[in-house]
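The residues making up each chain are set out below.
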Amino acid sequence: MRKKVTKAIFPVAGLGTRFLPATKSVPKEIMTLVDRPLVQYAIDEARAAGIKEFIFVTSRGKGALEDYFDNAPQLEQELRRKGKDELLEILKSTNMESGEIAYMRQHKPLGLGHAVWCARRLIANEPFAVILPDDVIAGDKPCLAQMVEAFEETQSNIVAAMEVPEDQASSYGVLDIKEDMGAIVSTKGMVEKPEFGTAPSNLAVIGRYILTPTVLQKLNKKRTGAGGEIQLTDAIADAREDGEEVYGYRFKGQRFDCGSKAGFLQATVAFALARDELRDDLWAYLNDVVHSEKAAQ
Ligand code: G1P
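Residues numbered from 1 in each chain as written. Predicted model: local features only at pLDDT ≥ 70, side-chain atom pairs only at ≥ 80, totals over all residues. Heavy atoms only, no water.

Visitor: Hey, could you run me through the nonpolar core in this one?
Guide: The tendency in soluble globular proteins is for nonpolar side chains to be buried side by side. The biggest cluster of nonpolar side chains holds 40 residues, and the ones touching the most others in it are Phe10, Ile51, Phe54, Phe56 and Leu144. Excluding its chain neighbours within four sequence positions, the residues that come into contact with Phe56 are Phe10, Val12, Val39, Ile43, Leu65, Phe69, Ile101, Ala102, Tyr103 and Met104. If you look at the next biggest cluster of nonpolar residues, it comprises 31 residues, including Val57, Val116, Ala119 and Leu132. (Core = buried A, V, L, I, M, F, W, Y, C linked by side-chain atoms within 4.5 Å. Buried < 20%, exposed > 50% of the residue type's maximum accessible area, 1.4 Å probe, protein only. Contact = heavy atoms within 4.5 Å.)

Visitor: Help me out: how do you make sense of empty space enclosed by the protein in this one?
Guide: In this structure the tally under the stated criterion is 1 cavity of 30 Å³ or more. Roughly 60 Å³ of volume is contained in the largest cavity. Those elements that provide at least two residues to the lining of the largest cavity are helix 8 (213-219) and helix 9 (232-241). Ranked by residue count, the leading element in the lining of the largest cavity is helix 9, at 3 residues. Here the lining of the largest cavity is built from residues that sort into 3 nonpolar, 1 polar and 6 charged. (1 Å grid on protein atoms, 1.4 Å probe; cavity = no way out; pocket = protein on both sides within 12 Å on 5 of 7 lines; lining within 4 Å. Points joined across faces, edges and corners; volume = space filled by probe spheres on them. Helix = DSSP H or I, 4+ residues; strand = E, 2+ residues; numbered from the N terminus. Nonpolar A, V, L, I, M, F, W, Y, C, P; charged D, E, K, R; others polar.)

Visitor: Looking at this structure, how should I read the packing of helix 10 (residues 261-273) against helix 11 (residues 276-296)?
Guide: The packing of two helices is summarised by the inter-axis angle and the distance between the axes. Orientation of helix 10 relative to helix 11, taken along the N-to-C sense of each, is 130°, at an axis distance of 8 Å. In this view, helix 10 runs oblique relative to helix 11, as classed from their interaxial angle. Packed against helix 10, whose contacting residues are Val269, Ala272 and Leu273, the element helix 11 presents Leu278, Arg279, Leu282, Trp283 and Leu286 at the interface. Of the residues assigned to the contact of helix 10 with helix 11, the class counts are 7 nonpolar, no polar and 1 charged. (Axes fitted to C-alpha atoms, helices over the stretch in contact; angles between N-to-C directions. Parallel < 35°, antiparallel > 145°, perpendicular 65-115°, else oblique.)

Visitor: Teacher, can you tell me more about the pairing of strand 10 (residues 184-192) here?
Guide: Side-chain positions along a regular strand alternate between the two faces of the sheet. Of all 9 residues making up strand 10, 7 are buried, and the element is well covered by its neighbours. The sheet contact formed by strand 9 (residues 173-180) and strand 10 spans 7 bridges and is antiparallel. Looking at the pairing, Asp180 lines up with Val185 of strand 10. The hairpin turn running from strand 9 into strand 10, its antiparallel successor, is 3 residues long, and Gly182 in that turn takes a positive phi close to 100°. Relative to strand 12 (residues 246-250), strand 10 runs antiparallel, the two sharing 3 bridges. When the bridges of strand 12 are listed, Val185 appears paired with Gly248. (Pairing = 2+ DSSP bridges.)

Printed below as a string of structure tokens:
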């Protein structure tokens, strides 16, 4: 029987130190691109891909994240009273149904593989998605929905993949390619953060995964890898070694690394330019900046 992907894990336990001092009190995932928190983009993408259960792996200090997903009856009432229907709709579109969202604590920062492993009991014996909210992907069809379609065919592990410059490969999980079939690539395995010059290809893993429960079993070993952390990449490579297929999927869309300040700013500009009510003003401002920069050179 063909299996469906209905559960997604969102690892959000990271400290977000790159965004200090903001992340002293605001979880990084609540930081906004224009007016929507990063995590809302991840939730919307998951929903569009047919996900019904949302599992957040959190840590100490992420209370604001749980509050964000709570209903806001007082605020709703106030907006209703003032006739602010549009805002009310926006607010309601973020409501999560009781029971569709779960929080797991990762008690120690032992790595992405460990964070995913923390959700193992809620996943049980089903294929599942993993979304890293730091990787924001803009596109006509949301990235995870593209991958779910591919999964319907392959019924195997699939990771989002993107070509990166050689000197950046050591920041990513990198695919060891068996056969390149265009949008889909079959792999022999993958390596987490290979040392410069040793990457098996220039195809990097981006933060969207559809995985089989075998990967969770591999995570049971709690093997430490790159950076002394338990790596998801290693568990996927182990599943591959056991004979499971692992595919890379070249998604259509633009990826922003919102784990870095430059990426976050680029995403902010891109998402603002995509909004009718902001485009003209922002465009005029950007033009002014570019012209005065050029004139000063
Ligand atoms: C994580 C994964 C890595 C992947 C990357 C994508 O790394 O471990 O395999 O390529 O996300 O953003 P991190 O960025 O958390 O160091």
